[in-house]
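Structural overview for review
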Amino acid sequence: MTLFGYRVPMMASLLVWCLAWEIVGRLDLVFLLPPFSDVLRAVVGLVQTPSWQGATLTTLRAFVTGMTLAIVIGVPLGVLMGRVRVADDLLGMWVNIFSSAPLSALVPVLMILFGFGERTIVAAVFLFAIWIIVLDTRAGVRHISPSLIEMARSYGATRRALYAKIILWAALPEILAGIRLGLIRGVKGVVIGQLLVSIIGYGALFETFSRNFRMAEFWALTIILFAFALLIAELIERAEAKVEYYAGARQ
Amino acid sequence: MAIGIRTGEEGSAGLASAPARSEAGGWRDRPILLRIISIVLFAMVWEIAGRIPVSFAFPTFLDTLAAFFGLIADGSLPMAYLSTLQPLLLGVVLSAFLGVGLGTICGLWRPGEWLVIPIFIVLQAAPVAAFIPMVTFVYGIGMTAKTLAVMILALPVIVLNTYKAVRNVNESLLVMCRSFLGTRWQVVEKIILPDASPVIFAGLRLGVAAGFVGVVLAELLITPTGIGDLITFHRSRADYAEMYATIASIIALSTLTLVALQWVEVRVFRPEKRGA
Amino acid sequence: MRTAVLRKEPSTIPAAVDTIVGVRGISKNYGNVEALRGIDLDFPRGKLTSLLGPSGCGKTTLLKIIAGLIEADAGTVTIDGKVVRAPGPERAFVFQDFALMPWATALRNVAFGLELRGRARTEREEIARHYLSEVGLAGFEDKYPHELSGGMRQRVGLARALSVDADVLLLDEPFSAVDEQNRRKFQEDLIRLRATQNKTFIFVTHSIEEAVYISDRIVLLSPRPGRVSQIIEPDIDRSGDPERIHRDKHYLDTVDEIWQGLRQYVE
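Here the residue index of a chain counts from 1 through its sequence in written order. Here chains are named by letter from A upward and ligands by number from 1 upward, in the order in which they appear as written. Reporting in this predicted model follows two pLDDT cut-offs: at least 70 for local features of residues, and 80 or more for side-chain atom pairs to be given and counted; totals over whole chains, interfaces and linings ignore these cut-offs and use all residues.

So, about the UniProt feature "transmembrane region" (unreviewed entry) in chain A. Residues and elements named next belong to chain A. UniProt positions are given in the numbering used here, feature names are shortened, and annotations may be inferred rather than shown by experiment. UniProt marks residues 60–81, 93–115, 121–141, 162–183, 189–206 and 218–236 with the feature "transmembrane region" (unreviewed entry), using the numbering shown here. Along residues 60–81, the helical share is 100% and the strand share 0%, with 30 Å between the first and last C-alpha atoms. Here residues 93–115 runs as 70% helix and 0% strand, with 29 Å between its end C-alpha atoms. What counts as a helix is a DSSP run of H or I of at least four residues, what counts as a strand is a run of E of at least two, and both are numbered from the N terminus.

See below:
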């Protein structure tokens, strides 16, 4: 949007919303909504507490482990489905179902299979993130122009070289897009998992804050979480922008 | 998988378009036989894993199937669905109207875009599930809380898809309509909305999927009613077959709903795709 | 033997017998790029005039300014002496990329201009049917654009422009997205339509052969800035077999002559 001849970046309107939040909070209209400045103060206070640091460590560890598993298994699975017709026929339906199913219903199963601990959270992250990675990788591999593969064959590329030097690279834009969406789903997975298990990590903190109506801290934790999610999305998007030039050139 | 519908999908924080993809039901073009083979294989793997058993808490497929019919027979499953589907339907319908309306306005009107879209970009990328316990604390354990939980999850994706579709409408059709003397309203009614509708529908489907997540989550977290309660109840009694049957039923229902929505979309709204 | 009438300086064109579209002093800049500078042109009624030139000479920009789709920085466009600044019912546009609505049948696409003007459904569909058969697409009324070939799609675009009964048809490289065989057939049809429809055609193309083949007048534009460099009236006899024209010595000479004039811009 332009205002008085200046281009105002779109995300700048979030500042307006923060201001509105501050005013509503000051007026004490909704007791759930403390002033934004109080929340910011709570953020500063919160990050210094050992309980937050511990929770963050647990959460990050579970997130990174689950995501690594999802990527390490998801990308090869997607390549397999993109290249092998039978695998695609048999698995495609389930991947599609799970990519849009209410996976939160499966978390109780994870809880009884993996116990009320970190392993359940890792499994939840994995389960939330993997399907979209598989789908996008598969789409990327399917999009590769056949002449590119024929080119590699005609120059005598071995099977290994074909996958390592052509297929993986040609599908990279889609793979990265899948990983970005997977990361965002993974963040949701970690939060939903912890909320349901509710005795570890951020789930436990949320539980404490909302049960005791410590609203400033509740919102502070939410903001930290949101900022983390946006930061991850932004970082992957940067990486995506680097390969975007050839994603566009291929179409 | 059918390529061509841009769903944009969640968390595109910088509004970069995700690769073309249609989620849910992209495998429609497969012959029905393969799908049956795939289902049978899945059931067999489940059955074998249950027989080994992988875990004491992993019932066989046949046990789960039997439990499913048992739950229907004793009426607990239908009752649970009655309680779950009401807020789900209400929340999804409200989100659909609100989301498509808001998204269209933001796509057409720059100040609206500037003010509203960033909020939804944040909500889309962020784990809004964190709000659900709060909502249930405030609004109790009734219909309102569940409906709100559905809307919190469903609204962002509907708004953002509608907005992107309206914003990225085919430029050459706009010029065409103008050159044949279309008024501003005619451009919106006859070009922008029809051109945007595939992506809007994709957004609605994603919204429905998110709504299922929202309602189940609300029921699992706080509200002891409906499907979520049934899952928790059978878990607490270690009736694992019943628990798995309930979970499988909600996943199946969500999938069937999405497929049905796509079918309705093609049948009713997209005549040009019917024979294609 | 007839000779092509060549006029080097546009200002000396004798006032055409009957001018329908007048362009006076049109200039257009895109940022620092001067797309058009001081264009003065008269388009005679009932003739087919081509705007020909290498890419970047502003020919499409000029056509869209005449259509009222782009605003000029300076100068005026008149239709029958009246200044126009926006699209109007006396002009109809045929788009390079067809601009067909994928969700509408061929019939509805053709009738779309009339639909926007609020004409009754039966009435506009009757007119649309007529023009669909006029462009050789009778029987394709209920097909959707994706079921038609490129050439057929552009015929739908042409029928849409014909059905609003405008005096002036503006065609923006209509055949550039159509394969060679279809293009030939299409050009022949256009010659026939021009003879029967009694409309004024303004036609943008980058193909010299195409321009000479179909045009009564060819306006050569030179690039950077876009200006009128030459006006040519090929004066080719188009009665009888259109195939013959391609072997006509006069046709070949004119093509060569224009190429000699244009090649300086290519290097």
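The next thing to look at is the packing of helix 5 (residues 107–114) of chain A against helix 6 (residues 118–143) of chain A. Residue and element names in this part refer to chain A. In this analysis an axis means a line fitted to C-alpha atoms, helices contributing only their contacting stretch, and an angle means the value between N-to-C directions, from 0 to 180 degrees. The interhelical angle for the contact between helix 5 and helix 6, taken along N-to-C directions, is 140°, at an axis separation of 9 Å. Accordingly, the angle class assigned to the pair helix 5 and helix 6 is oblique. Helix-helix and strand crossings are classified by hand; for helix 5 and helix 6 the assignment is right-handed. In this structure, helix 5 uses Val107, Leu110, Met111 and Phe114 to contact helix 6, whose residues at the interface are Arg119, Thr120, Ala123 and Ala124. Of the residues in the contact of helix 5 with helix 6, the class split is six nonpolar, one polar and one charged. Any angle from 65 to 115 degrees is called roughly perpendicular, while one under 35 is roughly parallel, one over 145 is roughly antiparallel, and all others are oblique. Crossings are classed by handedness, with left-handed meaning an anticlockwise turn of the near helix from the far one by less than a right angle and right-handed meaning a clockwise turn. Here contacts are defined at the residue level, using C-beta atoms placed from the backbone and a cut-off of 7 Å between them. Side-chain classes are defined by residue name, with Ala, Val, Leu, Ile, Met, Phe, Trp, Tyr, Cys and Pro counting as nonpolar, Asp, Glu, Lys and Arg as charged, and the others, Gly among them, as polar.

We now examine the sheet that holds strand 5 (residues 74–79) of chain C. Residues and elements named next belong to chain C. Ordered by their spatial adjacency, four strands build an open sheet running 3-2-5-6, and the pairing between neighbours is antiparallel. Edge positions in the sheet fall to strand 3 (33–44) and strand 6 (82–84), since each of these pairs with one other strand and no more. Strand-to-strand twist in this sheet, taken as the mean axis angle between neighbours without regard to direction, amounts to 30°. Pairs of strands are assigned from DSSP output, requiring at least two bridges between the strands. Pairing between strand 5 and strand 6: three bridges, direction antiparallel. Paired with Val77 across the two strands is Val84, which belongs to strand 6. Relative to the sheet, helix 1 (residues 59–67) contacts strand 2 (19–30), strand 3 and strand 5, its axis offset from that of strand 2 by approximately 120°.

Right, let's talk about the interface of chain B and chain C for a bit. With 14 residues of chain B in contact, the opposing surface of chain C contributes 18 residues. Going through the elements one at a time, helix 7 (171–179) and helix 8 (184–221) of chain B are the ones with two or more residues in the side of chain B that touches chain C. Top element by residues in the side of chain B that touches chain C is helix 7 of chain B. It accounts for six residues. Here the side of chain B that touches chain C is composed, by residue class, of seven nonpolar, four polar and three charged.

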